[in-house]
Amino acid sequence: MSKPLSSPAPGLAMNRRRWLQCAGNTLASAFGVTSLTSLMIAPSAAQTADYRALVCVFLYGGNDGMNTIVPLDTTRYNQYAGVRGALALPQSALLRLSGTDYGLHPALSALADAWNEGALAPVFNVGPLYRPLTKSEYRSAPASSPLIPDNLFSHSDQQVLWESATTHAHTRTGWGGRAAAVLGTTNPVISVGGNSRFGLSELQAPLVLPGPGATFGIEGLGDLSWAPIAARKTALEALYADGHQNKLLDAYARQQRDAFATANRLGALVKTQPGDVNAPAALTQAFAPLIADGKVSTGIGQQLYQIAKLIHGNATVQGSRQIFFAQLGGFDTHGNQVSSGNPQQGQHAALLQQLGDALACFHNAMKAIGRADQVTLFTQSDFGRTFKPNNSTGTDHAWGNHHLVLGGAVKGRTTYGTYPTLVLGGPDDVGLHEWEQHGRWIPTTSVDQYAATLLRWFGASDAQLDAILPNLVNFGSQRVLGFL
């Protein structure tokens, strides 16, 4: 049970500034965000007919794209198997993507229906780029050249480049946050996966929500039936209801009022779990493969269930344009990527199983509530993994990677982008000498182009795309891809 705020020492009254500081810390902790500016959500009626949502699923650690989607034609599969060795997936085990020469890792079999519906599209060899780049340009460019993204192959830096859609590791805003600001969405980015760079703008942090079953905001103060906690709530509400001559204090108090209002508005929706009486039946049925004892059983499943609830409850959440963020970690597979010599088992397969199952449930949920054509989910990750395995039955950090886009508006049943040439030291491998040729692919599609395609569908104009994605101008007529 939460303890009340400490009482002032005898004879010392707590001043207004101290009350604001303590109460602000309490509420910020309850919301799990670094700034309450993100909670200043203006009321707006939901515009159902024009509704659109983007859902980013970030795969932290660097997903092995080379084992996520594999070429099936004889020549390239033999090239793949010859280099991958013990990591190579059997050709017969791959989930064939009909109409293409590619197959998905068998752990992603839950996505077969989405592919057959035309709602799934792989995008090949995506990564941070300042402009289109050749191997010779990469090899001859000085380290300080803007052509070379900052600190390639570094987890933290490449996460920033992906989340910010820039080539500078010190960029403080994310492309999701900038999009929300430029497009004037009712809400900031809504994150169920922590306070990532992706959702930051110059003036707002993402609205970070906990998982199903959790409380936040006012309820996070503690048991409101306990008199001291109830008294604290009453005192805080009274304190923040007052106006202040000091403009800074007045603005801060207004933020607190907005935060309380947001908590009151969203608290019950956020807390709902599949086993609850008021849980949406359509979502419970869609997520049934992942539900055990009234709860969604995987972390990424819980996050996507939470997002599905927020989309279903748009009249409460408010706004016709929403950007969501979720994440799944554990993809830094340097060692023992496979289990007992079986590439269909092990750490990577287990992660892809979680991902594929959760994505399939989410897509089914969107269909069940009639939102499939209005919601597009996409993956991001630090970087790809090396084509050539290391000596620990794992893979190391690379650059370009393959990603998945899912939703009813997706122009699926085909692939997008250019799959790399599967030759160590070939035109896509940054390695020049034999000892450094590991299959680290120079991207042929930029994060900017990937993001621009998503945002164009979301409703951004050319001018708005340029404001959100500063390097997009360097890609000329190839600003957007065709998957949406």
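Everything below is about the structure printed above this text.
Before going into details, it helps to say that this report is about the structure given with it. Each residue is numbered by its place in its chain's sequence as written, counting from 1. Where local features are concerned, this predicted model is filtered to residues with pLDDT of at least 70; where side-chain atom pairs are given and counted, the filter is 80 or more; whole-chain, interface and lining totals use all residues. By convention in this description, side-chain values take in all heavy atoms of the structure and omit both hydrogens and water.

## Comments concerning the environment of Gly425
Numbering of helices and strands runs from the N terminus, with a helix taken as a DSSP run of H or I at least four residues long and a strand as a DSSP run of E at least two residues long. Within the fold, Gly425 resides in the loop between strand 12 (401-406) and strand 13 (445-446). Here Gly425 falls in the partly exposed class, since its relative accessible area comes to 26%. For the pair formed by Gly425 and Trp441, sequence separation is 16 residues and the distance between their alpha carbons is 9.9 Å. Any pair of residues with heavy atoms lying within 4.5 Å of one another is described as a contacting pair. Beyond its immediate sequence surroundings of up to four residues, Gly425 is in contact with Lys135, Gly431 and Gln437. To sort residues, take the accessible area from a 1.4 Å probe on protein chains only and compare it with the maximum for the residue type: under 20% means buried, over 50% means exposed, and anything in between is partly exposed.

## A look at the sheet that holds strand 4 (residues 102-104)
Any two strands with at least two DSSP-identified bridges between them are counted as paired. Spatially, the three strands line up as an open sheet ordered 2-4-3, and their pairing is antiparallel. Either end of the sheet is taken by a strand with one partner, and the two such strands are strand 2 (69-71) and strand 3 (95-96). Bridging between strand 2 and strand 4 involves three bridges; their strand directions are antiparallel. Each bridged residue has a counterpart across the sheet, and for Val70 the counterpart in strand 4 is Gly103.

## Re the nonpolar core
Phe287, Leu304 and Phe362 are the most contacted members of the largest nonpolar core, which has 70 residues in total. Residue contributions to this core peak at 10 residues, all from helix 12 (residues 347-368). Contact partners of Phe362, with chain neighbours within four places excluded, come to Val55, Phe287, Leu304, Ile307, Ala308, Ile311, Val375 and Leu377. Residues Ala165, Tyr450, Ala452 and Leu481 belong to the second largest nonpolar core, which totals 35 residues. By nonpolar core we mean a set of buried residues, namely Ala, Val, Leu, Ile, Met, Phe, Trp, Tyr and Cys, connected to one another through side-chain atoms within 4.5 Å.

## Considerations on the packing of aromatic side chains
Aromatic rings considered in pairs are described by the distance between their centres and by the relative angle of their planes. Here a Phe, Tyr or Trp ring, Trp counted by its six-membered ring, pairs with any other such ring whose centre lies within 6.5 Å, and the pair is stacked when the planes are under 30 degrees apart, edge-to-face when over 60, and tilted otherwise. Scanning the model with the defined rule gives 15 aromatic pairs in all. Each ring, one from Tyr138 and one from Trp399, has its centre 5.7 Å from the other, and the planes form 50°; the classification is tilted. Of the two residues, Tyr138 sits in helix 4 (residues 135-140) while Trp399 sits in the loop between strand 11 (375-381) and strand 12, which places them 261 residues apart along the sequence. Considered together, Tyr138 and Trp399 belong to a single accessibility category, that of buried residues. For the ring pair Tyr450 and Phe483, a centre distance of 6.0 Å and an interplane angle of 55° mean the geometry is tilted. Here Tyr450 is found in helix 13 (residues 447-458), whereas its partner Phe483 is found in the segment after helix 14 (462-468), with 33 residues between them in sequence. The buried category is assigned to Tyr450, whose relative accessible area is 0%. The class of Phe483 is buried, set by a relative accessible area of 0%. Chaining the aromatic ring pairs together yields one cluster made of Trp162, Trp175, Phe198, Phe325, Phe378, Tyr416, Tyr450 and Phe483. In this analysis the charged atom, NZ for Lys or CZ for Arg, is taken to sit over a ring once it is within 6 Å of the ring centre and within 35 degrees of the ring normal. If you follow Arg371 out to its NZ or CZ, it ends over the ring of Tyr51, 4.3 Å from the centre.

## A word on the sheet that holds strand 11
Read from one edge of the open sheet, eight strands run 7-6-10-1-11-12-5-13, paired in mixed fashion. Unpaired on one side and paired on the other, strand 7 (207-208) and strand 13 mark the two borders of the sheet. Of the strand pairs in this sheet, strand 1 (residues 52-59) and strand 10 (residues 321-328) are connected by eight bridges, and their pairing is parallel. Counted as the bridge partner of Leu54 is Ile323 from strand 10. Axes here refer to lines fitted to C-alpha atoms; in helices the fit is confined to the stretch in contact. Angles between the N-to-C directions go from 0 to 180 degrees. Sheet strands in contact with helix 13 are strand 1, strand 5 (120-127), strand 10, strand 11, strand 12 and strand 13, and its direction is about 155° off that of strand 1.

## Points about the packing of helix 8 (residues 247-271) against helix 10 (residues 299-312)
Between helix 8 and helix 10, whose axes approach to 10 Å, the crossing angle comes to 130°. Here helix 8 is positioned oblique relative to helix 10, judged by the angle of their axes. In this structure, the crossing between helix 8 and helix 10 has a hand that is right-handed. Between helix 8 and helix 10, the residues in contact are Leu269, Val270 and Lys271 and Gln306, Lys309 and Leu310, respectively. Relative orientations are named as follows: roughly parallel for angles under 35 degrees, roughly antiparallel for angles over 145 degrees, roughly perpendicular for angles from 65 to 115 degrees, and oblique for any other angle. Handedness of a crossing follows from how the near helix is turned relative to the far one, being left-handed for an anticlockwise turn of less than a right angle and right-handed for a clockwise one.

## Quick word on the pattern of salt bridges
Salt bridge, as applied in this entry: a Lys or Arg side-chain nitrogen positioned within 4 Å of an Asp or Glu carboxyl oxygen. For the coordinates displayed, the defined rule picks out 11 salt bridges. Linking Asp462 and Arg456 is a salt bridge whose minimum nitrogen-to-oxygen distance equals 2.2 Å. In this structure Arg456 comes out as partly exposed when scored by relative accessible area, which is 36%. Through salt bridges with shared partners, one network takes in Arg456, Asp462, Asp466 and Arg479.

## Description of the pairing of strand 10
Burial analysis of strand 10 places seven of its eight residues in the buried class, which makes it a mostly covered element. Sheet topology note: the strand 6 (residues 190-191)/strand 10 ladder contains two bridges and is parallel. Residue pairing across strands places Ser191 opposite Phe325, the latter belonging to strand 10.

## Digging into the pairing of strand 5
Residues in a regular strand project their side chains so that they alternate between the two faces of the sheet. Within strand 5, eight of the eight residues are buried, which leaves the element mostly enclosed by the surrounding structure. Of the pairings in the sheet, the one linking strand 5 to strand 12 comprises five bridges and is antiparallel in character. Bridge assignment links Pro122 to a residue of strand 12, and that residue is Leu404. Pairing of strand 5 with strand 13, which is carried by two bridges, proceeds in the parallel orientation. Each bridged residue has a counterpart across the sheet, and for Val126 the counterpart in strand 13 is Thr445.

## Details of helix 5 (residues 155-164)
In terms of burial, helix 5 is largely enclosed, as nine of its 10 residues are buried. Buried within helix 5 are the following residues: His155, Asp157, Gln158, Gln159, Val160, Leu161, Trp162, Glu163 and Ser164. Looking at the residues trailing helix 5, positive phi occurs at Ala165, about 55°.

No statement about biological role is implied by the geometric values presented.
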